Amino acid sequence: MRLSVNVDHVATLRNARGGVFPCPVEAARVAMAAGADGVTMHLREDRRHIRDRDLERVAAEVDTRLNFEMAATEEMVALCERLRPPACCIVPEKREELTTEGGLDVLRAGPYLAESIRRLAGLGIEVSLFVEPDAAQIARTAELGAQAIELHTGTYAEASAEARPALAAKHAEAARLARSLGLQVHAGHGLSYETIAPIAAIPEISEVSIGHFLISTSVFEGLPVAIKRMKGLIAAARG
Ligand code: PXP
């Protein structure tokens, strides 16, 4: 199972100060050096975290399996055609949402979704659609010609510990169905140390995409190291 590290929130932190630090491109390099199998970046229409230049630099400079997460708009499809990442994940996008709130409704999608898949897949890009673990949505994803599906694990990840096993079973069933239809199966959203195991145990899932938890927990896991180093620099300057 591949782990694709979503570095969007490194850019959130950078943008909070309007400077260049912390750099999501550097985060992509660090993620790969630490054993990640790929990097995900979501370029939103409002550019609230990742910016065009971040994505272009990772595509050009970092040796990674870049997964470009994007809405099916002409602007994003054209950019994806230009950058030609190995993978892209099409998500629904609303301006007012804090994060992607759910899967695409592929049953109601207009012709543009199928057209986007055709254009991108025609360039050899692996196209996945972000959907709920729902049989009808999965069957339609296969019909539309996508190569992969990313199961939205947000509801599972936010559920109580008691409710999670039944929701994990739903993901396992959805993953089996998707594989039987020839789709690669990915999963992501909201996963953490506490919730990863039941999803990682589903053999049909070949990739998980994790961002917010990894970036946030790095603050705590990395803070002791940074504090010790700063104290060392202060002590050295004082003689
Ligand atoms: N997969 C998709 C399609 C997403 O939109 C996101 C959030 O950007 C993720 C995975 C990662 O979710 P999280 O940041 O909660 O780990």
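Residues numbered from 1 in each chain as written. Predicted model: local features only at pLDDT ≥ 70, side-chain atom pairs only at ≥ 80, totals over all residues. Heavy atoms only, no water.

Caption draft 1: Here's a closer look at the packing of helix H2 (residues 24–33) against helix H3 (residues 52–61). The N-to-C vectors of H2 and H3 enclose an angle of 35°; their axes lie 9 Å apart at closest approach. Handedness of the crossing formed by H2 with H3: right-handed. Between H2, through Pro24, Val25, Ala28 and Arg29, and H3, the contact on the second element is made entirely by Asp54, Arg57, Val58 and Glu61. Here the residues of the contact of H2 with H3 sort into four nonpolar, no polar and four charged. (Axes fitted to C-alpha atoms, helices over the stretch in contact; angles between N-to-C directions. Helix = DSSP H or I, 4+ residues; strand = E, 2+ residues; numbered from the N terminus. Left-handed = near helix turned anticlockwise from the far one by under 90°. Contact = heavy atoms within 4.5 Å. Nonpolar A, V, L, I, M, F, W, Y, C, P; charged D, E, K, R; others polar.)

Caption draft 2: Spotlight on the side chain of Ser209. Within the fold, Ser209 resides in strand S8 (residues 205–210). Accessibility expressed as a relative area gives 10% for Ser209, which makes it buried. The residues touching Ser209, leaving out its near neighbours within four places in the chain, are Ser4, Asn6, Thr40, Glu150, Ala187, Gly188 and His189. (Buried < 20%, exposed > 50% of the residue type's maximum accessible area, 1.4 Å probe, protein only.)

Caption draft 3: Representation of the site of the ligand in the model. What surrounds the ligand is a group of 14 residues, the closest being Glu69, Glu150, Gly190, Gly211 and His212. One nitrogen or oxygen atom from the side chain of Asn6 is found 3.4 Å from an oxygen atom belonging to the ligand. For the ligand, the accessible surface in isolation is 400 Å², of which the surrounding protein chains cover 95%. Considering only residue class, the shell around the ligand consists of three nonpolar, eight polar and three charged. (Near = heavy atom within 4 Å. Polar contact = N/O pair within 3.5 Å; in protein donor to acceptor, adjacent residues only side chain to side chain. Areas by Shrake-Rupley, 256 points an atom, 1.4 Å probe, with all protein chains shown as cover.)

Caption draft 4: Layout of the packing of helix H4 (residues 74–83) against helix H5 (residues 111–121). In the contact formed by H4 and H5, the axes pass within 10 Å of each other and the chain directions differ by 10°. Looking at the two axes, H4 sits roughly parallel to H5. Residues Glu74, Val77, Ala78, Cys80 and Glu81 of H4 lie in contact with H5, whose contacting residues are Tyr112, Ser116, Arg119 and Leu120. Looking at the contact of H4 with H5, its residues break down into five nonpolar, one polar and three charged. (Parallel < 35°, antiparallel > 145°, perpendicular 65-115°, else oblique.)

Caption draft 5: Up close: a nonpolar patch on the surface. Judged by side-chain polarity, Val219, Phe220, Leu223 and Ile227 come together as a nonpolar surface patch covering roughly 400 Å² of accessible area. For Leu223, the position within the fold is in helix H10 (residues 212–237). Judged by its relative accessible area of 41%, Leu223 falls in the partly exposed class. (Patch = residues over 30% accessible without salt bridge, like charges linked within 9 Å, V, L, I, M, F, W, Y side chains within 5 Å. Salt bridge = Lys/Arg side-chain N within 4 Å of Asp/Glu carboxyl O.)

Caption draft 6: Summary view of the pairing of strand S1 (residues 2–6). Pairing of S1 with S8, which is carried by four bridges, proceeds in the parallel orientation. Within S8, the residue paired with Arg2 across the bridge is Glu207. (Pairing = 2+ DSSP bridges.)

Caption draft 7: The UniProt feature "binding site: 1-deoxy-D-xylulose 5-phosphate" (unreviewed entry) in the protein, seen in detail. Residues annotated in UniProt with the feature "binding site: 1-deoxy-D-xylulose 5-phosphate" (unreviewed entry) correspond here to Asp8, His9, Arg44, His49 and Thr99. The largest pairwise C-alpha distance within this set of annotated residues, which runs over 92 residues, is 12.5 Å, so the set is compact in three dimensions. Its place among the elements puts His49 in the loop between strand S2 (38–42) and H3. On the accessibility criterion, His49 (5% relative accessible area) is buried. Beyond its immediate stretch of four places on either side in the chain, His49 contacts Asp8, His9, Ala11, Thr12, Arg14, Asn15, His42, Arg44 and Asp54. (UniProt positions renumbered as here; feature names shortened; annotations may be inferred.)

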